[in-house]
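The lines below spell out each chain.
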Amino acid sequence: MRLEDDIKTVKGIGDKTAQNFNKLGIYNIKDLVFYYPRSYKTYSEPVPVSSVTEGDRVAVFCRVVTYVESHKGRRYNITSLTAADDTGSIRMVWFNMPFLRNLFKKGDSYIFYGIIKIKGNMRVMEMPEYFTQIKYQKALSTMQPIYPLKSGVTNNSITRAIEAVKDVVLSIPEYLPEKEINERGLMPRCDALLQIHFPKDEATLREALKRIAFDEFLEFLIRIRSLRESTVTESNYHVITDESISKKDGFIAGLPFELTEGQKAAIADIESDMKSEHVMNRLIQGDVGSGKTVVAVMALLMNSVSGHQGALMVPTEVLAMQHFEDVCRMLRPYKLKVSLLTGSMTAKEKRQVYSDLKSGACDIVIGTHAIIQDSTEFKDLGLVVTDEQHRFGVKQREKLSEKGRIPHILIMSATPIPRTLAIILYADMDISVIKDMPAERKRIKNCVVDTSYRPSAYKFIQQQIAEGHQAYVICPMVEENEITEAENVINYSDDLQRELGPSIKVAYLHGKMKEAEKKDILHSFVNKEIDVLVSTTVIEVGINNPNATIMMIENAERFGLAQLHQLRGRVGRGQAQSYCIFINVKKSKDSMERLKVLEDSNDGFYIASEDLRLRGPGDFFGIRQSGDMDFKIADIYNYSDMLRLAQDISLVYGREFDGKIVL
């Protein structure tokens, strides 16, 4: 077998199973090998019930002390029992597993494994795993990979398939010289690929993840270098005119606020680039709320007044609509034709936009990935602006750039990457940093609290809503063999609705919803039809609601600081004072030290640097912590040392490895 062979050539995979694997994007053996686990489960020795605290992931050895109850809830069939050891009792709850009623008998003993919650005065485990003592002893010595799944595919089916192609993995060639592997302390490539699926132990897994992160960084840097070489000396076919610069000055004069020094410097950089002999390729890096959008609109204005078309691409339809409305309002005096292009538009609406772009009737188009579809043609695309570039990646950026005759490229990113790392990651770009914040923007007030503060937090949310504002509540992702992500958010929103009362409208949002459903929820929230939005991190980018003044983040200790800062940036966008409450469930000294960084500072660049300092070697229980670039494993915060090493290697070997890194 070879990496290119169809997934159906793997032992045990027939047509139907292959179709289910296809839903995961697995079509051949290479797709299978590089379909990495999203987290790992390890098991610990059982502890006394009396020693557990909320948020602990523990095993307890208990006997069943009540009969099993089963009843129909609002959305699920709920099965529950009480178990106890000599030190205390704990309630076990399962959703949609009524068959357990016939499994557990009063007086039987099991080891239950799961996350502790405190409800009232009762300890609760939702969706715990259960083992006999003999089976648990076997589980203690294993690390179980947890894969992203869809209907028809299980963790076991993926593991069996990868087991069947081990020989193919072992045949993947090593591109690094043996000298570099030994001197740099890197794990050999094929060993790393096997260990990520079948980890021997925690230490070995860490080394495997480091090697794969290194490979991803190196491949990325090689492609970035290639991009730089192809664009750095490209002639500027879209030089801006003196008239467009004067229009820009008039635009600035008409703004209802004073530009910051950072915004003025960024605009000067853009103006200089677009007037020069060579094409612009610039990153505008600024914290959440630093005013990058105004800078981008000014660039689009100068480009369009000079007779060229501009495109602004953003990650979500809701954000595209919001940008469209803002840009139309800001550019109304200039009589420019601005169009919206998203995937959910009707075929007739899309055809009209395609026609206007091809004929040149449309000056500026704002949209999502629909802009880079093959059916979109421009008459004279002079400027491409992408918002939150790390959500697109190099391939999509290349595709959009190919839509015109070497257009100017302007990237806006609020990801607070320390400058030393940004210079490496954006080696193909010039960088402008907007460090200062607009004078009218109020500082978000932050607090880090434990779970005992929840009742007070709920009252504060009620007060804010009574004043006409809205709130976010963020729940963390949970693992596949616990309660699902969707159920976690749904159950929390049900509990919150009961706490806040029927007069307050609570809705939920999670990644497993259909795109149309997510868009409807976000639209309703922006239109003030929803008071509290309970969500996973899907709202990290893609929504702007100035009326939302409070964010509460549950289990804040489970997130990286940079991601928490990005989430916090969803509030503080209007005139009213905004607040962020970080619920620290673990209560450990380390987690409190980390979260205090957020309580004390709203500076994203300082927070990113502290994130690098405090994270250590990375959290392999949840190996993907951000959506940066095109990476599956590589994370600039967890693996900054591998990024720097990849930079060193790329400088030593140049283009020698180009095309040899199998990813």
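See above for the structure.
We now turn to the structure provided with this report. If you're wondering where the values come from, they're calculated on a predicted model, not measured in any experiment. (Residues numbered from 1 in each chain as written. Predicted model: local features only at pLDDT ≥ 70, side-chain atom pairs only at ≥ 80, totals over all residues. Heavy atoms only, no water.)

## Observations concerning the overall build of the protein
For the protein, the helix and strand inventory stands at 22 helices and 22 strands. Reported as C-alpha extents along the three principal axes, the dimensions of the protein are approximately 85 × 65 × 50 Å. Buried residues in the protein amount to 57% of all 663 residues. The long-range fraction of contacts in the protein, counting pairs at least 24 apart against all pairs at least 6 apart in sequence, stands at 74%. Where the 87 positive side-chain charges of the protein centre and where its 89 negative ones centre are 4 Å apart. (Helix = DSSP H or I, 4+ residues; strand = E, 2+ residues; numbered from the N terminus. Buried < 20%, exposed > 50% of the residue type's maximum accessible area, 1.4 Å probe, protein only. Contact = heavy atoms within 4.5 Å. Lys, Arg positive; Asp, Glu negative; His and termini not counted. Charge placed at Lys NZ, Arg CZ, Asp CG, Glu CD.)

## Quick look at the layout of surface pockets
Empty space within the second largest pocket amounts to approximately 1,100 Å³. Around the second largest pocket sit 39 residues that line it, and G291, T293, V294, D326 and N544 are the ones nearest its centre. For the lining of the second largest pocket, the secondary structure elements donating two or more residues are α9 (242–253), α11 (292–305) and α12 (317–330). Per element, the largest residue contribution to the lining of the second largest pocket is 6 residues, and it comes from α12. Of the residues in the lining of the second largest pocket, the class split is 16 nonpolar, 14 polar and 9 charged. (1 Å grid on protein atoms, 1.4 Å probe; cavity = no way out; pocket = protein on both sides within 12 Å on 5 of 7 lines; lining within 4 Å. Points joined across faces, edges and corners; volume = space filled by probe spheres on them. Nonpolar A, V, L, I, M, F, W, Y, C, P; charged D, E, K, R; others polar.)

## Regarding the packing of α12 against helix α18 (residues 515–526)
Packing of α12 against α18 brings their axes to within 9 Å, and their N-to-C directions diverge by 40°. In this view, α12 runs oblique relative to α18, as classed from their interaxial angle. For the pair formed by α12 and α18, the contact residues are E317, V318, M321 and Q322 on the first element and K519, L522, H523 and V526 on the second. Tallied by class, residues from the contact of α12 with α18 come to 4 nonpolar, 2 polar and 2 charged. (Axes fitted to C-alpha atoms, helices over the stretch in contact; angles between N-to-C directions. Parallel < 35°, antiparallel > 145°, perpendicular 65-115°, else oblique.)

## Thoughts on the sheet that holds strand β22 (residues 579–583)
Reading across from one edge, β17-β22-β21-β18-β20-β19 is the order of the 6 strands in this open sheet, with parallel pairing throughout. Here the strands that pair on one side only, and so sit at the sheet edges, are β17 (445–449) and β19 (506–509). The sheet shows a mean angle of 15° between the axes of neighbouring strands, taken without regard to direction. Most of the contacts of helix α16 (residues 454–466) go to strand β21 (residues 548–553), to which it runs at about 165°, and overall it touches β18 (470–474), β20 (532–535), β21 and β22. Seen against the sheet, α18 touches β18, β19, β20 and β21 and runs at an angle of roughly 140° to β19. (Pairing = 2+ DSSP bridges.)

## Notes on the sheet that holds strand β14 (residues 381–387)
Within the open sheet, the 7 strands sit side by side as β12-β13-β11-β14-β15-β10-β16. Their pairing is parallel. A strand with exactly one partner marks an edge of an open sheet, and here the two such strands are β12 (338–341) and β16 (430–434). The average angle at which neighbouring strand axes cross in this sheet is 20°, direction not considered. Where strand β11 (residues 309–313) lies against β14, 5 bridges are found, and the strand directions are parallel. Across the sheet, residue L312 finds its bridge partner in β14, namely V385. Strand contacts of helix α13 (residues 347–359): β11, β12 and β13 (364–367), with the helix running at about 135° to β12, the strand carrying the most contacts.

## With respect to the pattern of salt bridges
A complete count under the given rule lists 27 salt bridges for this structure. The closest approach of N and O atoms between E554 and R454, which form a salt bridge, is 2.9 Å. Taken together, the positions of E554 in the loop between β21 and α19 (561–568) and R454 in helix α16 put the pair 100 residues apart, joining distant regions of the chain. Taking the shortest distance from any N to any O, the salt bridge between E599 and K596 comes out at 2.5 Å. Of this pair, E599 and K596 both sit in helix α20 (residues 589–600), 3 residues apart, roughly one helical turn. In this structure E599 comes out as buried when scored by relative accessible area, which is 18%. Linked by salt bridges that have partners in common, E174, R189, R211 and D215 make up one network. (Salt bridge = Lys/Arg side-chain N within 4 Å of Asp/Glu carboxyl O.)

## Observations regarding the pairing of strand β2 (residues 57–64)
Taken together, the 7 bridges between β2 and strand β6 (residues 109–119) define a ladder with antiparallel strand orientation. When the bridges of β6 are listed, A59 appears paired with Y113. In terms of strand pairing, β2 meets strand β4 (residues 77–85) through 2 bridges, oriented antiparallel. Bridging from a neighbouring strand, V64 pairs with A83 of β4.

## Some points on the environment of C328
The topology assignment puts C328 in helix α12. C328 sits in the partly exposed class, given a relative accessible area of 24%. The sequence separation of C328 and I364 amounts to 36 residues, and the corresponding C-alpha distance is 9.8 Å.

## Some remarks on the packing of helix α10 (residues 261–275) against α11
Between two packed helices, what matters for the description is the angle formed by their axes and the separation of those axes. Relative orientation of the contacting elements α10 and α11 amounts to 25°, with a least axis distance of 10 Å. Considering their axes alone, α10 and α11 lie roughly parallel with respect to each other. In this structure, the crossing between α10 and α11 has a hand that is right-handed. Contacts between α10 and α11 involve Q263, A266, I267, I270, E271 and M274 from the former and V294, V295, M298, A299, M302 and N303 from the latter. Here the residues of the contact of α10 with α11 sort into 9 nonpolar, 2 polar and 1 charged. (Left-handed = near helix turned anticlockwise from the far one by under 90°.)

## So, the packing of aromatic side chains
The final tally for this structure, using the stated rule, is 16 aromatic pairs. With centroids separated by 5.4 Å and ring planes inclined at 80°, the aromatic side chains of Y43 and F131 adopt a geometry described as edge-to-face. Placement of the pair is Y43 in the loop between β1 (39–42) and β2 and F131 in strand β8 (residues 129–131), with a sequence separation of 88 residues. The same class applies to Y43 as to F131, namely buried. (Phe/Tyr/Trp six-rings, centres within 6.5 Å; stacked < 30°, edge-to-face > 60°.)

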